[in-house]
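# Reading the structure
So the chains spell out like this:
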Amino acid sequence: MYSLNDHKTIETLSLSEIRHDLRQMIHFDEEKCVDNLLLTTELTIGERNRLVDAARVYVNKSHAKSDSQGTMDYFLQEFDLSNKEGVALMCLAESLLRVPDGATADKLISEKISAGRWSDHKGQSKSVFVNASTWGLMLTGGFVDIGSEVRGNTDNWFKSFIKKTGEPVVRTAIVQAMRIMGGQYVLGRTIKEAIKRGIKENSENTRFSFDMLGEGARTMEAAEKYFDAYKAAIMEIGAQNNETDPYAANGISVKFSALHPRYEMSQHATVMNVMIPRITELALLAKEKGLGFTIDAEEADRLDISLDIFENLARSEQLKNWDGLGIVVQAYQKRAPYVIDWLNKLGRELDRKFMVRLVKGAYWDSEIKHAQEMGLTDYPVYTRKASTDLSYQVCAERLMMARDAFYPQFATHNAYSVALVLELVEKWDIAADEFEFQRLHGMGHLLYDVVKENSATGFNMRVYAPVGAHKDLLPYLVRRLLENGANSSFVNRFMNMDVPVDELMQDTIKLVEEKSPKRHSMIPLPKDIISHSGREAFPRKNAEGFELSDPLEINKLIKSLESKKSWTAGPIVCGKMSLENAEQVVSPTTGEPVGKIGITSNDDIEKSLTASVKAQKSWNALGGSARAEILSEAANQLEARCLDLMELIADEVGRTLADGLSEVREAVDFLRYYAGQAAENFEGAKLLPGPTGGRNELYLQGRGTFLCISPWNFPLAIFIGQVSAALAAGNSVIAKPAEQTPIVAAEAIKILHAAGVPSDVLHLLTGDGATIGAKLVADERISGVAFTGSTDTAKIINRSLANRDGAIVPLIAETGGQNVMIVDSTALPEQVVDDAISSAFQSAGQRCSALRVLYLQDDVADIIIPMLKGA
């Protein structure tokens, strides 16, 4: 999609140029993205007013038929995510069915139910199910009379009911209620059951897109299982297909993440080599059976690799002359219109049509969190719902204008979006068989029934129908509850009679234009999330990162890695580096030379001690604010050298580039955090309560010279953390890095000196820890020790300090190096594996043997252990 003022069109650009522009938009400035959307819409003011009027009619007519809405529509209105009861029910829905033992289930139920005020909901819904569910308990299809406690004004009815009936009865009832709630979203446990139920519960001409539930494979064995499930489903759907084209036939939706455990950009070559043959096999089978075959959308960082696979399928000679190949486009992504332009160009280049399902998007919260965690320049999604609606509008226009390349499929439960599509149909005189609407199973049927009755425009309807067992349902169910249970969701507000229809249905363009800024004011940029919280006296910027799945960023990284650097390091005393008795350092992973390192002499030790003791008083007198400025400047310089340091960490330590990025960012965060601490706590006097009730002035001062001993596994982050904390407090520092990682430490010291830390205040000593460390710890001029490493070494340091005369010398020690994760049976195994890999192995830099996972249920261990081995 190109704005009207940049003179670009898809006709004048190549496929690769459009793809480049698409990639540039992933974290583009939101204000500019929204302005671009406003410039490219094709609707006139009169058409916009007409579609708003139509949407209001649909809502009013739906209100008049409120008795016909589905159970889940009622449920979401009463128990949305804005109240504690709705959150409690979502927690139960997410986890209860995974609990294998009754005792744990009873505790979980008691905890969640006791958290709410259920009497607030009694009799509020028009649904018998929801009212009986207040808390609607169901036993094998029959309602349980929970007595006068619910009809009264007390919230103690649950405890009373348990006393009357016993916990097993309550557990059975609530488990059954959760199964019934899940059944509202899932069409069947098997594909045969889903097809049979779909035909029975829907109008004659309803089409289906079946989705085999699963949240992504973590092992090749799981990927094989999903592949077999997709293959069997295609065979079963095809066996019952009597249509001659894929548009009229039922279809299947496929998740790439279910077909390979490492479906990510970092494994691009492996994924392409393994997945292309498998995906092609499934697509060929769908082609043979005359079905639609749609690639489902997933997280934003997987879009680029998804498009690579899709293009490969589109160009396959085996799949020529088949219009059943489809893909999902998420309108909440800033790239969405550009994806459509790329697909348009690809389709015309190959002289074929693609089925394109346009959705709003279901991972909004995780996309926001991911961007904040990674310190990205901006979000891949819009922060205001109105902007997403506008993006959907622009994408819908572009799909409808390119029907020679697309068969548009509009997935929406929003009356405005439905009215928008029908307005486009009228505008361009589009036939009913040139597009279709889609809705989720269990939702939206009332809206579409009303639209059919009140619109002169015909259309076809397809139901997105999840298929799978209850254990596979839970993550999907929670995603639907999060998406539709939020109080900003149209689905949540659609049948709320307290929301005026005129307020609910307004012109999207007008809503967007009225907002200033275009970005949501409560969602700051990722770099500003720490300062925006207001929880720190001296706000700091989030450490800058970048997306390692972004090909443009990958290209920058590759160029940085092309020229191999030869590093030198050695003891740095008073700003001068010594390369005496230099030894070669080789990479632990490749065995190739990394650089040369000088070894510390006894003279270096003595000079560093003498100089640091002498310089400490002036450094301390400088004051916390001045030291904060220096540390902040060091953070900026460290951040600017991110790519260099990532390469060095990979070469010298053998960590991955992703680990290196995390390390640099953590080091930057340490510098900024301790800069704030220096300004807040070490500038001027603090008034503290005195022993007699008065106020005493306390000046926080540095202690003298700190010895900082850091480990190999975090050669930059822990090193910088120790050093910056000591410097912030007004101490001089002698830094002793791990023997294996002196070069990373030397580069960090150079940056600190360049930022303004006096060369006589900060020194680096490289070499054997036992020899150098022992001499320094025993020296009376060392006023404190910060150590990270083994417990045995910490004990030796502690005993050495204890043997010294004079005042007690502080030892700040972090030891052990093991991470523990406690997992109970309510946890989603796939999430456990992801958390274990990211928190235990990647962020902590530990080896796999350093992870201890405690399983509270043996059957959970049986699932998770193979996943961890596969990952």
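Please refer to the structure higher up on the page.
Described below are features of the structure shown in this document.

Reading guide: rules and limits
Residues numbered from 1 in each chain as written. Predicted model: local features only at pLDDT ≥ 70, side-chain atom pairs only at ≥ 80, totals over all residues. Heavy atoms only, no water. Helix = DSSP H or I, 4+ residues; strand = E, 2+ residues; numbered from the N terminus. Buried < 20%, exposed > 50% of the residue type's maximum accessible area, 1.4 Å probe, protein only. Contact = heavy atoms within 4.5 Å. Areas by Shrake-Rupley, 256 points an atom, 1.4 Å probe, with all protein chains shown as cover. Right-handed = clockwise from strand over helix to strand, strands pointing away. Pairing = 2+ DSSP bridges. Phe/Tyr/Trp six-rings, centres within 6.5 Å; stacked < 30°, edge-to-face > 60°. Expected span 1.5 Å × (residues − 1). Axes fitted to C-alpha atoms, helices over the stretch in contact; angles between N-to-C directions. Parallel < 35°, antiparallel > 145°, perpendicular 65-115°, else oblique. Left-handed = near helix turned anticlockwise from the far one by under 90°. Core = buried A, V, L, I, M, F, W, Y, C linked by side-chain atoms within 4.5 Å. Nonpolar A, V, L, I, M, F, W, Y, C, P; charged D, E, K, R; others polar. Salt bridge = Lys/Arg side-chain N within 4 Å of Asp/Glu carboxyl O. Polar contact = N/O pair within 3.5 Å; in protein donor to acceptor, adjacent residues only side chain to side chain.

### Structural notes on the overall build of the protein chain
Helices and strands together make up the secondary structure of the protein chain, namely 35 helices and 24 strands. Counting every position in the protein chain, which comprises 871 residues, the buried fraction comes to 57%. Residue pairs in contact within the protein chain that sit at least 24 positions apart in sequence constitute 78% of those at least 6 positions apart. Carbon together with sulfur atoms contributes 50% to the accessible area of the protein chain, which is approximately 36,400 Å² in total.

### Structural notes on the pairing of strand β19 (residues 732-736)
For β19, a buried count of five out of five residues is recorded, marking the element as mostly surrounded by other parts of the structure. Residues S732, I734 and K736 line one face of β19 and the alternating positions V733 and A735 line the opposite face, and both faces are buried. Considered for its hand, the β-α-β crossover made up of strand β18 (residues 705-709), helix α30 (residues 717-728) and β19 is right-handed. Chirality of the crossover, the property in question, places the unit of β19, helix α31 (residues 742-755) and strand β20 (residues 762-764) among those that are right-handed.

### Some details on the pairing of strand β21 (residues 782-789)
Buried residues dominate β21, accounting for seven of its eight residues. Pairing of β18 with β21, which is carried by five bridges, proceeds in the parallel orientation. The residue of β21 that forms the bridge with I709 is F787. Bridge count between β21 and strand β22 (residues 811-815): five bridges; the pairing is parallel. By the bridge assignment for β22, A786 is matched with I812. For the segment spanning β21, helix α33 (residues 791-802) and β22, crossover handedness is right-handed.

### Observations regarding the packing of aromatic side chains
In total, this model carries twelve aromatic pairs according to the counting rule given. When the ring of F437 is compared with that of Y448, the centres are 5.4 Å apart and the planes differ by 50 degrees; the resulting orientation is tilted. One end of the pair, F437, is in strand β9 (residues 436-440); the other, Y448, is in helix α19 (residues 445-454), and eleven residues separate them in sequence. Note on F437: relative accessible area 0%, which makes it buried. Exposure remark for Y448: the relative accessible area of 3% places this residue in the buried category. Ring plane angle 75 degrees and centroid distance 5.1 Å describe the contact between Y673 and Y674, whose orientation is recorded as edge-to-face.

### A short note on helix α12 (residues 220-239)
Compared with an ideal rise of 1.5 Å per residue, which puts 20 residues at 28 Å, α12 spans 28 Å between its outermost C-alpha atoms and is within 8% of the ideal. Taken residue by residue, α12 has A222, A223, Y226, F227, Y230, A233, I234, E236, I237 and G238 as its buried positions. Where α12 is buried, its residues touch α11 (191-201), β3 (207-212), β4 (251-254), α13 (268-289) and β5 (292-295).

### What to know about the environment of D351
With respect to the helices and strands, D351 occurs in the loop between α15 (336-350) and β7 (354-359). D351 gets classed as exposed once you look at its relative accessible area, which sits at 72%.

### Quick notes on the sheet that holds strand β14 (residues 583-586)
One open sheet holds the three strands; their spatial order is β11-β15-β14, and the pairing between them is mixed. Each having just a single partner strand, β11 (567-569) and β14 make up the two edges of the open sheet. Neighbouring strand axes in the sheet, compared pairwise and without regard to direction, differ in orientation by 30 degrees on average. Strand contacts of helix α28 (residues 642-653): β11, β14 and β15 (593-597), with the helix running at about 90 degrees to β15, the strand carrying the most contacts. Taken strand by strand, α31 contacts β11, β14 and β15, and its axis lies near 80 degrees from that of β11.

### Observations concerning the packing of α28 against helix α29 (residues 657-681)
Contact geometry of α28 with α29 gives a least axis separation of 8 Å together with a crossing angle of 125 degrees. When the axis of α28 is compared with that of α29, the two are oblique. Viewed along their axes, α28 and α29 form a crossing whose handedness is right-handed. Judged by residue contacts, C642, L645, M646, I649 and A650 of α28 engage L657, G660, L661, E663 and V664 from α29.

### Describing the nonpolar core
The biggest cluster of nonpolar side chains holds 114 residues, and the ones touching the most others in it are F210, F293, F410, F435 and F437. Counting residues in each nonpolar core, the second largest holds 65 residues, with Y363, I368, L557 and I572 among its members.

### Looking at the sheet that holds strand β10 (residues 461-467)
Spatial strand order, β3-β4-β5-β6-β7-β8-β9-β10: eight strands in a closed barrel with parallel pairing. Neighbour-to-neighbour, the strand axes of the sheet open up by a mean angle of 30 degrees, direction not taken into account. Sheet topology places β7 next to strand β8 (residues 406-411); five bridges connect them, and they run parallel. Its bridge partner being in β8, F354 is matched across the sheet by F406. Those strands touched by α15 are β6 (325-330), β7 and β8, and its axis lies near 160 degrees from that of β6. Each of β7 and β8 is contacted by helix α17 (residues 385-401), which is oriented at about 150 degrees to β8, the strand it contacts most.

### Overview of the packing of helix α26 (residues 602-621) against helix α32 (residues 769-778)
Two measures define how a pair of helices packs: the angle their axes make with one another and the distance between the axes. α32 packs onto α26 with a crossing angle of 35 degrees between their chain directions and a minimal axis gap of 11 Å. Read as a crossing pair, α26 and α32 show a hand that is right-handed. Seen from α26, the contacting residues are N602, I605 and L609; seen from α32, they are I772, K775 and L776. The residue makeup of the contact of α26 with α32, split by class, is four nonpolar, one polar and one charged.

### A word on unusual backbone geometry
Across the junction of S516 and P517, the peptide omega takes the value 5 degrees, indicating a cis bond. Considering the arrangement of structural elements, one finds P517 in the loop between α23 (508-514) and α24 (529-533). At D429, a position not held by glycine, the phi torsion is positive, near 50 degrees. Tracing the chain through its elements places D429 in the loop between α18 (415-428) and β9.

### Brief notes about the side chain of Q393
Residue placement: Q393 occurs in helix α17. Other than its neighbours up to four places away in sequence, Q393 contacts T41, L43, Y416, L420, T508 and I509.

### Section: the pattern of salt bridges
Counting across every chain of the model gives 51 salt bridges. One salt bridge in this structure joins E434 and R403, with 3.0 Å as the shortest N-O distance. Of this pair, E434 sits in the loop between α18 and β9 while R403 is found in the loop between α17 and β8, placing the two residues 31 residues apart along the sequence. The class of E434 is partly exposed, set by a relative accessible area of 27%. The partner of D644 in a salt bridge is K565, with the nearest N and O atoms 3.4 Å apart. Of the two residues, D644 sits in helix α28 while K565 sits in the loop between α25 (551-562) and β11, which places them 79 residues apart along the sequence. Given a relative accessible area of 23%, D644 falls into the partly exposed group. When its relative accessible area of 28% is taken as the criterion, K565 is described as partly exposed. Beyond isolated ion pairs, a larger network of salt bridges with shared partners links R19, R23, D304, D308, E311, R315 and E349.

### What about the side chain of R403?
Reaching out from R403, the side chain makes a polar contact with the backbone oxygen of M400 at a distance of 2.4 Å. Among residues more than four places away in sequence, those in contact with R403 are K353, W428, I430 and E434.

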